[in-house]
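# Residue-level structure breakdown
Here is what each chain is made of, one letter per residue.
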Amino acid sequence: MTGKTDAAAVAINNARALLGTLLASSFQDMHVVSGDMEIFLARPAGGANPMRGQAAPAPTEAAPLGKDTLIKAPHVATLFTTAALGDRVSAGQEIATLSVLDEQFPLLAAIAGTIVGIKSAVGSLIEFDQPLLLLRQIE
Amino acid sequence: MSIKRLFVANRGEIALRIVRAAQSLGIETVLAVSAADIDSAAGRLADRTVVLGPPSAAKSYLDPRLVVHAARETGCDGLHPGYGFLSERAILPRLCADHGIAFVGPEPDVIDALGDKLRARAMAHAAGVPLVPGSDCVATAADARREGDRIGYPVLLKASAGGGGRGMVLANNGDEAEAGFHRASAEAVAAFGDGTLFMERFVPQARHVEVQLMGDGKGQVVHFGERDCSVQRRYQKLVEEAPCAAMPDHLRAQLHASAVALAASVNYRNAGTAEFLFDVARQEFYFIEVNARIQVEHPVSEMISGFDLVQEQIRIAGGAGLSVSQTQVKLSGHAIECRINAEDVARDFQPSPGRITKWQPPEGQGVRLDSHMSAGAMIPPFYDSMVGKLIVYGKDRAEAISRLAVALDSFVVEGVPTTIGLHRQIVAHPDFIENRIHTRWLEQVLLPQIGKKAA
């Protein structure tokens, strides 16, 4: 993932958490402005989106598609195994095994590619969002 | 045997409080954080932080397997759950036990038993703790009148199968009990398909009182006096004080004895709080529930006892016995705590996360602030909105109130709306000063008055 998609991942995580907060509350809508993030969520009976009608931001340049995808830890875990450097994997294939309290589960490749980097040591404690592997997309 | 490295499975002011308590005992700390809390006051003070997961609490603070895995893999031999989150989920101490980590709290079976309202009531009854007077099932209108006469009015008729207030009718006398029986029973049939009713005494103006307990897990229990938490909004406490100045000494002694007897009957281990309804008009108290954790408002008990409850929690979890006997617990003076939330009172207490731009906390004699905030600190929107607890101590309630008023006046927070202004109004109100409050006072008296003034 490039820096751009990192920000997107953060935004998606934030939006998910806010949606959970809204659904657990009695609020009809929720408008959160935090740093450069602004999110409006509403139930059918909620208010109008305050972000509508504001000046549209200038279009930004499309982020160049990175050929290399950084695979990061989805949560804290121990890195149990990883694919080897140079391994070719297809989409949906296991590229690492994570372990939480001695229970293992696979981490799958979202796209086909070649492992071109190993960023964390097998056997170590990995934290959320920590880089694990670098996957180069096969053209 | 004592804990060498403590995992702190919480956030906000209580995480900071626990880290400080551990450090005072010479214990290392590892703090669990979500991605939203990587930069926090507790994180800067802890020896290490571990990022569990994304901001969503369900995928970070509320996942017991992730929490215990992180604790085990960072070499922690103890885990403090704080309050909220997983603190009263028996799965957490069970997982800790499976992996050789001392849990700072009660046994999981005790947490389960106390978390079940019916079992907790049965345990309280067995320990001789007074419960709200009530009836078994009532089958006819005549039964309802007879039971109402026995219990004393006003009474609530409630559906056995009920919940959420449906099938619930208030009766102020025998005639209303008879009429109410038919109405409540019909409502219960319509709502739940079961017209079975029972009755319970209704206390229109009750105080919420609670006893701070600490047990060694072997039957020894000491108390640190009671707290009065009657200033509430929608069952959320806003102001807590110790002691309950409205309670006469003979009743206070009974209250403490009841709470200690209940905790001792289950060999309660670590900190807990027994909560009661105090019927001021009748001068009686009734058991509500036990909270099997350290509570938000524990500082007021610390202020009147001069005793650090969180340090004691950590010592007991490490295998130590109680460090004080009941006769060594000396209670004196009066303490009041205000929970300061980032909420917009004018907009129905809407949580208002954001960045603190100015943070000027009060100082002075008898003033304590438990907070993780500072200028530039961020209040993430994903969790509760508490920014701190202002606690004051005085030789008596009047002195505590006057110190609290001064402290609130000099407390400046900018960047987000807070409840400081509401606390100023509470503390200045004659009902509060003269201690005429009850659990519905804020909603029935103060908030309507504020609304009128604003209109």
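Each value, and the rule that gives it
- Residue indices follow the written sequence of each chain, beginning from 1 at its first position.
- Working convention: letters from A go to chains and numbers from 1 go to ligands, in the order in which they are written.
- With the structure being a predicted model, the display of local features is reserved for residues of pLDDT at least 70 and the display and counting of side-chain atom pairs for 80 or more, all residues being used for whole-chain, interface and lining totals.
- Excluded from the side-chain calculation are hydrogens and water; included are all heavy atoms of the structure.
- Helix numbers and strand numbers start at the N terminus; a helix is a DSSP run of H or I with at least 4 residues, a strand a run of E with at least 2.
- For a compact globule the rule gives 2.2 Å times the number of residues to the power 0.38, and the radius of gyration it is set against comes from C-alpha atoms.
- Note on contacts: a residue pair qualifies if any of its non-hydrogen atoms lie within 4.5 Å across the two residues.
- Two residue types count as positive, namely Lys and Arg, and two as negative, namely Asp and Glu; His and chain ends fall outside the count.
- Every charge is mapped onto a representative atom, which is NZ of Lys, CZ of Arg, CG of Asp or CD of Glu.
- Any two of the Phe, Tyr and Trp rings considered here, Trp counted by its six-membered ring, make a pair once their centres fall within 6.5 Å; the pair's planes then place it as stacked at under 30 degrees, edge-to-face at over 60, or tilted in between.
- For a lysine, the NZ atom is tested; for an arginine, the CZ atom; a charge sits over a ring if that atom is within 6 Å of the ring centre and within 35 degrees of the ring normal.
- Any two strands between which DSSP finds at least two bridges are classified as paired.
- All axes here are fitted lines through C-alpha atoms, helices being fitted over the stretch that makes contact, and every angle between N-to-C directions spans 0 to 180 degrees.
- Partly exposed residues are those whose accessible area sits between 20% and 50% of the maximum for their type, while under 20% is buried and over 50% is exposed, using a 1.4 Å probe and protein chains only.
- Each of two parts loses accessible area, computed with a 1.4 Å probe, when they are put together; buried area is these two losses added.
- Only one rule defines a salt bridge in this text: a Lys or Arg side-chain nitrogen within 4 Å of an Asp or Glu carboxyl oxygen.
- Polar contacts, as counted here, are pairs of nitrogen or oxygen atoms within 3.5 Å of one another; within protein the pair requires one atom able to donate a hydrogen and one able to accept it, and residues that are adjacent in sequence qualify only if both atoms are side-chain atoms.
- The cut-offs work like this: below 35 degrees is roughly parallel, past 145 is roughly antiparallel, 65 to 115 is roughly perpendicular, and the gaps in between are oblique.
- In this scheme the crossing of two helices becomes right-handed for a clockwise turn of the near helix relative to the far one and left-handed for an anticlockwise turn of less than a right angle.
- Each residue gets one label: Ala, Val, Leu, Ile, Met, Phe, Trp, Tyr, Cys and Pro are nonpolar, Asp, Glu, Lys and Arg are charged, and the others, such as Gly, are polar.
- The predictor attaches a confidence to each residue, called pLDDT, with possible values from 0 through 100.
- In plain words, nonpolar cores are sets of buried Ala, Val, Leu, Ile, Met, Phe, Trp, Tyr and Cys residues tied together by side-chain atoms within 4.5 Å.

Along its length, chain B carries 15 helices and 23 strands. Taking 2.2 N^0.38 as the reference for a compact globule, 455 residues should give roughly 23 Å; the C-alpha atoms of chain B span a radius of gyration of 23 Å, in line with that estimate. Taken along the three principal axes of its C-alpha coordinates, chain B extends 65 × 55 × 45 Å. Excluding contacts between residues fewer than 6 apart, the proportion of contacts in chain B whose partners are at least 24 apart in sequence is 65%. Where the 48 positive side-chain charges of chain B centre and where its 53 negative ones centre are 3 Å apart.

This part takes up the packing of aromatic side chains. Residue and element names in this part refer to chain B. One pass over the full model with this rule turns up eight aromatic pairs over all chains. For the ring pair Tyr61 and Phe85, a centre distance of 5.0 Å and an interplane angle of 25° mean the geometry is stacked. Of this pair, Tyr61 sits in the loop between β3 (48-53) and α3 (64-73) while Phe85 sits in the loop between β4 (78-80) and α4 (91-98), and the two are 24 residues apart along the sequence. The lysine or arginine in question, Arg397, covers the ring of Phe432, its NZ or CZ lying 4.7 Å from the ring centre.

Quick look at the sheet that holds β3 of chain B now. Residues and elements named next belong to chain B. Spatial strand order, β3-β2-β1-β4-β5: five strands in an open sheet with parallel pairing. Two strands in the sheet have a free side with no partner beyond their single neighbour: β3 and β5 (102-103). Both β4 and β5 contribute to a ladder of two bridges, which runs parallel. Bridging across to β5, Gly78 finds its partner in Ala102. Sitting on the sheet, helix α1 (residues 12-24) touches β1 (5-8), β2 (28-34) and β4, and the angle it makes with β1 is about 175°. Strands β1, β4 and β5 of the sheet are contacted by helix α11 (residues 309-317), whose axis makes an angle of about 145° with β4.

Residues and elements named next belong to chain A. On the basis of which strands lie adjacent, the open sheet formed by four strands has the order β7-β6-β4-β9 and antiparallel pairing. Of all strands in the sheet, those with a lone pairing partner are β7 (103-108) and β9 (125-126), marking the two edges. Here two bridges tie strand β4 (residues 77-82) to β9, and the two strands are oriented antiparallel to one another. Residue pairing in the sheet places Thr78 in a bridge with Leu125 of β9.

Attention now goes to the side chain of Ser258 of chain B. Residue and element names in this part refer to chain B. One can find Ser258 in helix α9 (residues 249-265). Looking at Ser258, the relative accessible area reads 9%, which means it is buried. The contacts of Ser258, once residues within four sequence positions are left out, are Val129, Pro130, Phe276 and Phe285.

What follows deals with the interface of chain A and chain B. Contacts between the two partners involve 22 residues from chain A, matched on the other side by 26 residues from chain B. Across the interface of chain A and chain B, roughly 2000 Å² is buried in total on both sides, 66% from carbon and sulfur atoms. Counting the contacts that link chain A with chain B gives three salt bridges. Note that Arg72 of chain B and Asp102 of chain A form a salt bridge whose closest N and O atoms lie 3.0 Å from each other. Counting across the chain A and chain B interface gives nine residue pairs in polar contact (both at pLDDT 80 or more). Counting residues per element, the side of chain A that touches chain B draws most heavily on helix α1 (residues 3-24) of chain A, which supplies six residues.

Before going further, it helps to spend a moment on the packing of helix α12 (residues 397-409) of chain B against helix α13 (residues 420-428) of chain B. All names here are of chain B. One way to put it is that α12 packs onto α13 with a least axis distance of 10 Å and a crossing angle of 155°. Looking at the two axes, α12 sits roughly antiparallel to α13. Note on packing geometry: the crossing formed by α12 with α13 is left-handed. Residues Ile401, Leu404, Ala405, Leu408 and Asp409 of α12 form the contact with α13, whose participating residues are Ile420, His423, Arg424 and Val427. Looking at the contact of α12 with α13 residue by residue, the class counts come to six nonpolar, one polar and two charged.

Residue and element names in this part refer to chain B. Position of Asp279 relative to the elements: it lies in strand β13 (residues 269-279). Looking at Asp279, its side chain comes within polar contact range of the main-chain nitrogen of Ala281, at 3.3 Å. Apart from the residues lying within four places of it in its own chain, the contact partners of Asp279 are Arg201, Val203, Glu284 and Tyr286.

All names here are of chain B. Across the 13 residues of strand β11 (residues 221-233), 13 count as buried, placing the element largely inside the fold. One ladder, built from six bridges, connects strand β10 (residues 206-216) with β11; its direction is antiparallel. Bridge assignment links Leu213 to a residue of β11, and that residue is His223. Hairpin connection from β10 to β11: four residues lie between these consecutive antiparallel strands, with Gly217 at a positive phi of about 85°. Relative to strand β12 (residues 236-242), β11 runs antiparallel, the two sharing four bridges.

All right, on to helix α5 (residues 108-115) of chain B then. Within α5 of chain B, the full set of buried residues consists of Pro108, Val110, Ile111, Ala113 and Leu114 of chain B. The inward-facing, buried residues of α5 of chain B contact α4, β5, α6 (117-126) and β14 (284-291) of chain B.

This part is about the confidence of the model for chain B. For chain B, per-residue confidence averages 95 on the pLDDT scale, and 98% of positions sit at 70 or higher. Two numbers describe this predicted complex: its pTM, 0.88, and its ipTM, 0.90.

On to α3 of chain B, then. All names here are of chain B. Burial analysis of α3 places seven of its 10 residues in the buried class, the great majority of the element. Listing the buried residues of α3 in full gives Pro64, Leu66, Val67, Val68, His69, Ala70 and Ala71. Where α3 starts, the residue carrying a side-chain oxygen 3.1 Å from the main-chain nitrogen of Arg65 turns out to be Asp63. Just past α3, the residue Gly75 takes up positive phi, approximately 75°.

Here we take up the nonpolar core. All names here are of chain B. If you look at the biggest cluster of nonpolar residues, it comprises 69 residues, and the most contacted ones within it are Phe7, Val67, Leu79, Leu213, Phe276 and Phe287. With six residues, α9 is the largest single contributor of residues to this core. Those residues within four positions of Phe276 in sequence are excluded, and the remaining contacts are Val129, Arg207, His208, Val209, Val211, Leu255, Ser258, Ala259, Phe285, Tyr286, Phe287 and Ile288. Core analysis: the second largest hydrophobic core is formed by 46 residues, Ala22, Val222, Phe224 and Met386 among them.

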